[in-house]
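The residues making up each chain are set out below.
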Amino acid sequence: MKKSNVVEKNEYYDVVISDLNSEAQGVAKVNGFTLFIEGALPGEQVKIKVVKVKKRFGYGKLIEVIKPSSKRQSVFCKASKRCGGCKLQHMDYKLQLEFKKKKVEDALKRIGGMKDIKVNPVIGMDHHKRYRNKAQFPVGYSGGQLSIGFFAERSHDIIDIDSCSIQAKQNDQIIRLVKEFIQKYDISVYDESSDSGLIRHVVTRVAYKTGETMVILVINGDRIPHEKELIQLFKDNIPDLKTIVLNVNTKKTNVILGYQNIILYGDGFITDYIGNLKFKISPLSFFQVNPVQTEVLYNKVIEYCALTGQEVIVDAYCGIGTITLFLAGECKKIYGIEEVGQAVQDAQDNAILNRIDNAKFICGKSEDVLPKLVDKGLKPNIVVVDPPRKGCDKKVLDAIYNAQPSKIVYVSCNPSTLARDLKYLGNNVYAVERVQPVDMFPYTS
């Protein structure tokens, strides 16, 4: 092993944590050499073991907290050390929000080149457990035992769980029932190495306001044995059960859901509300996983649009039309663009469901559709974008610039690609006026 002049792998050090990096790891220096330590907080004195040394930085494993921070709290999940989900359980909630604000600020300054940008304090939650309305549980064998839970961080080893404190309460019962069904009827489960076995994932969607529950079994096939018994088991034990769906995924892939759905029970969808609007949610629909904060987020979009009722708006990457329909009641005309056909159908159904007739949904990629609309003469007053984590395609940004709307409202789930896109728009006339983070995922980084 090539040795470092200042830090040795497998050696122990007492260090003081000075900061957090963008992954919420504690930052410390040993003879000027930077180390990142999972689970350590600023101001703490800790004992660490160096586990990896690179040219400019390394990683340490937290061995002991010698002097804890006043902002350290007890973790609430027994799987927290192995599961990569809720990595911020050891932080009090105020520190989590401070960390997330700094994460946004750092991205805008470092990637976006915005030196004097003001970021508002993060809007947090009063109650920050049991907030997720969707869960995806891999199914398999771990150590010879049937396991349903989550993948360990940076692996596909399944951590068996019986409860998750950020997921809907119904999931605890659903996991138990699926295990019972598999064991009673000797149903095979998927094995990645051999690409064999039937049940791959259990996916659940629980509507926040209506309580309606959808259970999706992702299978490596197109039918499941003892179908009637499965349906009865769930009907007898899940009071708000609305539908059961088989999702067919026979590909050797890390993508969880396939494109074919087979309805076993119910009508294949659940309904929920955001504000006063009702939404139909299908197995493949994108719907924000934190319904409480989604309403906060969308109300902030309306506030920043500052609509008079005369505006024409484009909502790119619109999904099932949640933002589109939220804005429709406040503007003259709105166009929603979405590439997933089922989502567009859901959006159209949701417009009818809410008696909205000034929203038009177009199926296609935003980078293809928006330039064509602009070339045909569409001049939106406002453009709203809510892209996936990779951010906006350059063709979308160019089309926005060519359309010259008076305002752009950019909803982002990734500060890095947000900063990149804002820099590009900034080089083309636009300037950032307001930045408002909303905490959609408490306890996660």
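Our subject is the structure listed above.
Residues numbered from 1 in each chain as written. Predicted model: local features only at pLDDT ≥ 70, side-chain atom pairs only at ≥ 80, totals over all residues. Heavy atoms only, no water.

A. Local environment of the nonpolar core. Counting residues in each nonpolar core, the largest one holds 44 residues, and the members touching the most others are Ile 224 and Phe 234. Examining the composition of this core, we find that six residues originate from one element, helix α2 (residues 170-185), more than from any other. Apart from the residues lying within four places of it in its own chain, the contact partners of Phe 234 are Ile 174, Leu 177, Val 178, Val 215, Leu 241 and Ile 244. In this structure, Ile 281, Ile 323, Phe 326 and Val 409 belong to the second largest nonpolar core, which totals 42 residues. (Core = buried A, V, L, I, M, F, W, Y, C linked by side-chain atoms within 4.5 Å. Buried < 20%, exposed > 50% of the residue type's maximum accessible area, 1.4 Å probe, protein only. Helix = DSSP H or I, 4+ residues; strand = E, 2+ residues; numbered from the N terminus. Contact = heavy atoms within 4.5 Å.)

B. Layout of the sheet that holds strand β17 (residues 333-338). Sheet architecture is open: five strands sit in the order β18-β17-β16-β19-β20, paired in parallel fashion. Looking at the sheet topology across the chains shown, the edges are occupied by β18 (359-363) and β20 (407-410). Taken pair by pair, the neighbouring strands of this sheet meet at an average axis angle of 15°, ignoring direction. Two elements, β17 and β18, share five bridges in a ladder whose sense is parallel. Residue pairing for β18: Ile 334 is matched across the bridge by Ala 359. Along the sheet face, helix α6 (residues 341-353) touches β17 and β18 and points at about 170° away from the line of β18. (Pairing = 2+ DSSP bridges. Axes fitted to C-alpha atoms, helices over the stretch in contact; angles between N-to-C directions.)

C. Summary view of the pairing of strand β10 (residues 199-206). Among the eight residues in β10, eight count as buried, and that is most of the element. Across five bridges, strand β7 (residues 134-142) lies against β10 in antiparallel orientation. By the bridge assignment for β10, Phe 137 is matched with Val 202. Bridging between β10 and strand β11 (residues 213-219) involves seven bridges; their strand directions are antiparallel. Within the sheet, the bridge partner assigned to Arg 205 lies in β11 and is Met 214. Once β10 ends, the chain turns through six residues before running back antiparallel as β11, passing Gly 211 with a positive phi of about 80°.

D. Representation of the packing of α2 against helix α3 (residues 227-237). Two elements in contact, α2 and α3, have axes separated by 11 Å at closest approach and are oriented at 150°. With respect to their mutual orientation, α2 and α3 come out roughly antiparallel. For the crossing formed where α2 meets α3, the hand is right-handed. Where α2 abuts α3, its residues Gln 173, Ile 174, Arg 176, Leu 177, Val 178, Glu 180, Phe 181 and Tyr 185 lie against Glu 229, Leu 230, Leu 233, Phe 234 and Asn 237. The residue makeup of the contact of α2 with α3, split by class, is eight nonpolar, two polar and three charged. (Parallel < 35°, antiparallel > 145°, perpendicular 65-115°, else oblique. Left-handed = near helix turned anticlockwise from the far one by under 90°. Nonpolar A, V, L, I, M, F, W, Y, C, P; charged D, E, K, R; others polar.)

E. View of α6. Taking 1.5 Å per residue as the helical rise, α6 with its 13 residues ought to reach 18 Å, and the 18 Å between its terminal C-alpha atoms agrees with that figure. For α6, the full list of buried residues reads Ala 343, Val 344, Asp 346, Ala 347, Asn 350 and Ala 351. Seen from one end, α6 has its buried residues packed into an arc of 160°, which puts them on one side. Tucked into the core, α6 has its buried residues touching β15 (277-281), α5 (322-328), β17 and β18. Arg 355 occupies a position one or two residues after α6 and carries a positive phi of about 55°. (Expected span 1.5 Å × (residues − 1). Arc of directions from axis to C-beta.)

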